[in-house]
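# Analysis of the macromolecular model
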Amino acid sequence: MIYDMAVVGAGIVGLAHALAAAQRGKRVVVIDRDTQANGASIRNFGFVTVTGQQAGSCWARAMRSREVWAEIAPKAGIEVLQRGLTVLAERDEAVAVLEAFLATGMGQGCRMLTRAEAAARLPITGAVQGALHSPHELRVESRDAIPRLAAWLQAAHGVTFLYGRRVTAVTLPRLDTSAGPVEAETAVICPGDDFTGLHADRIAAQGFTRCLLHMLRVMPARPTSLPTPVMSDLGLARYLGYAELPEAAALKTRLDAEKAEARAEGVHLIAVQSADGSLVVGDSHRYDLTPPPFADARVDDLVLGELDAVLSLPGARVTERWTGTYASAPDRLAWTDHVSDAEKLVIVTSGTGASTAFAIAEETLDSLYGRKAA
Ligand SMILES: Cc1cc2nc3c(=O)[nH]c(=O)nc-3n(C[C@H](O)[C@H](O)[C@H](O)COP(=O)(O)OP(=O)(O)OC[C@H]3O[C@@H](n4cnc5c(N)ncnc54)[C@H](O)[C@@H]3O)c2cc1C
């Protein structure tokens, strides 16, 4: 059988393309070298972030992708565990960044919370001065959501999944795999941060690297509710939607002086909550084409230190630790390479894939098949 479209990679970027193609009535096959998705897409926070994304196309893609997540989650049996976002501000300079953000077009729907309002919702420490609440975000448990999304694409949209097969060459309509050829009229390659497989030459020319992140699961000692994901001052210095505001310069200077080690390790705080009450907490950012396999406990301590600075969780203990990597580029957040009219290579080159993949996939499908009628 000849498929209309082959997708290489069953991470969120590949699955988003499979969905967009299936919604156009295409017969789709998804091929992944692993027996189940095992890359960045299952290691992340499952935090579909809008507020804080870089102004312009990234923010717009995040708004659209959030809409798609909200629409498909109930159909695919994916539980939305949290909605919205609270950015807790400790420093005057952080409050100034949040107020400046609120005045931008991206501040729509967001509002400032007083310390008392924040304390009524979250177990904040005395260091927190105030907060920004955003209504836009969704949080899913990626390690469950990604397999559920794949199973739903198969059951409801007839998408074929071929796991445990590496695609070694694409010469349409033929894709060579480690378990024999597959045929498709078009192909979208979504290899995540595998830079030395398909189109290694084209990828090498871009100068991409990898970003390594440390993640932890923390179980509070007593029942604790985080109605929204939480971020803090360090995130305002990294997330481009805030960090590119002129008001962020003073905050970065202060954080560089007060939190030099955390800044050097690219640490910022995201804390999200899972169904069992535990928190997924991260993260750090180390850039290296071949990141070391040795996870430095000092980096975990920096992340936990930032958690303790804003949330009061006495007796909480770490129950799980892991690392993940994603593709990173110095000059862009995502890259679509139009290899030919029928073949596209799509790599999200930043930590935004869960937040933007659905919109990116719709753009790719437009480029392959023309704009979809509204
Ligand atoms: C720790 C961590 C936290 C993050 N937090 C967030 C977050 O909160 N919000 C957010 O929006 N983003 C977040 N991100 C980023 C996001 O997870 C990534 O941008 C996204 O998952 C990338 O998806 P992907 O499908 O491109 O890559 P992957 O999930 O890595 O999938 C790529 C797939 O391609 C397959 N593959 C590659 N080459 C071949 C081949 N030749 N043949 C067959 N299969 C192949 C691989 O096996 C793999 O399954 C985070 C990332 C990490 C690591």
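Residues numbered from 1 in each chain as written. Predicted model: local features only at pLDDT ≥ 70, side-chain atom pairs only at ≥ 80, totals over all residues. Heavy atoms only, no water.

### A short note on helix α13 (residues 353-369)
Think of an α-helix as turning once every 3.6 residues; residues three or four places apart then point the same way. The terminal C-alpha atoms of α13, which comprises 17 residues, lie 23 Å apart, in line with the 24 Å expected from a rise of 1.5 Å per residue. A bend of about 30 degrees at Ala359 is the largest found in α13. Here α13 lies mainly inside the structure; 12 of its 17 residues are buried. Looking at α13, one finds that the buried residues are Gly353, Ala354, Ser355, Thr356, Ala357, Phe358, Ala359, Ile360, Ala361, Thr364, Leu365 and Leu368. Where α13 terminates, the next one or two residues include Gly370, which has phi positive at roughly 90 degrees. (Helix = DSSP H or I, 4+ residues; strand = E, 2+ residues; numbered from the N terminus. Expected span 1.5 Å × (residues − 1). Bend = angle between axes of the 7 residues up to and from the residue. Buried < 20%, exposed > 50% of the residue type's maximum accessible area, 1.4 Å probe, protein only.)

### What to know about the nonpolar core
A general trend in soluble globular proteins is that nonpolar side chains are found buried together. In this structure, Val87, Leu88, Leu236, Tyr242, Val281, Leu307 and Leu311 are the most contacted members of the largest nonpolar core, which totals 57 residues. Broken down by element, the residue count for this core peaks at six residues, all from helix α4 (residues 92-102). In terms of domain composition, this core takes at least three residues from each of domain 1 (1-81 + 140-207 + 331-374) and domain 2 (82-136 + 209-328). Every residue in contact with Leu236, bar those within four places of it in the chain, is listed here: Val87, Ala94, Val97, Leu98, Tyr242, Ala243, Ala248 and Leu251. In terms of nonpolar packing, the next biggest core, distinct from the first, is built from 44 residues, Ile12, Ala20, Val159 and Leu368 among them. (Core = buried A, V, L, I, M, F, W, Y, C linked by side-chain atoms within 4.5 Å. Domains from an automatic or database assignment. Contact = heavy atoms within 4.5 Å.)

### So, the packing of aromatic side chains
Two measures describe an aromatic ring pair: the distance that separates the ring centres and the angle between the ring planes. For the coordinates displayed, the defined rule picks out five aromatic pairs. Geometrically, the ring pair formed by Phe161 and Tyr163 is stacked, given 5.7 Å between the ring centres and 15 degrees between the ring planes. You can call Phe161 buried: its relative accessible area is 13%. Classification of Tyr163 as partly exposed rests on a relative accessible area of 32%. Linked through ring pairs, Phe195, Phe208 and Trp335 together constitute an aromatic cluster. (Phe/Tyr/Trp six-rings, centres within 6.5 Å; stacked < 30°, edge-to-face > 60°.)

### Notes on the domain arrangement of the chain
If you check the domain split of the chain, you get domain 1 (1-81 + 140-207 + 331-374) and domain 2 (82-136 + 209-328). Taken together, the contact between domain 1 and domain 2 spans 30 residues of the former and 41 residues of the latter. Counting each side, the surface lost to burial between domain 1 and domain 2 is near 2,800 Å², with a carbon and sulfur contribution of 60%. Contact with domain 2 buries area across many residues of domain 1, yet Phe45, Phe47 and Thr51 alone supply 26% of it, more than any other trio. Taken together, the links from domain 1 to domain 2 amount to three salt bridges. For Arg143, the salt bridge is made with Glu320, and the minimal N-O distance between the two is 3.2 Å. Linking domain 1 with domain 2 are 13 residue pairs in polar contact (both at pLDDT 80 or more), by the criterion used here. Looking at which element gives the most residues to the side of domain 1 that touches domain 2, the answer is helix α3 (residues 57-76), with three residues. Residue composition of the side of domain 1 that touches domain 2, grouped by class: 13 nonpolar, 11 polar and six charged. (Buried area = accessible area lost by both parts, 1.4 Å probe. Salt bridge = Lys/Arg side-chain N within 4 Å of Asp/Glu carboxyl O. Polar contact = N/O pair within 3.5 Å; in protein donor to acceptor, adjacent residues only side chain to side chain. Nonpolar A, V, L, I, M, F, W, Y, C, P; charged D, E, K, R; others polar.)

### Observations concerning the pattern of salt bridges
Taken as a whole and judged by the stated rule, the model has 30 salt bridges. A salt bridge links Arg27 to Asp4, with the shortest nitrogen-to-oxygen separation between them at 3.1 Å. Here the residue Arg27 occupies a position in the loop between α1 (12-22) and β2 (28-32), and Asp4 occupies one in strand β1 (residues 2-8), the gap between them amounting to 23 residues. Here Arg27 falls in the partly exposed class, since its relative accessible area comes to 42%.

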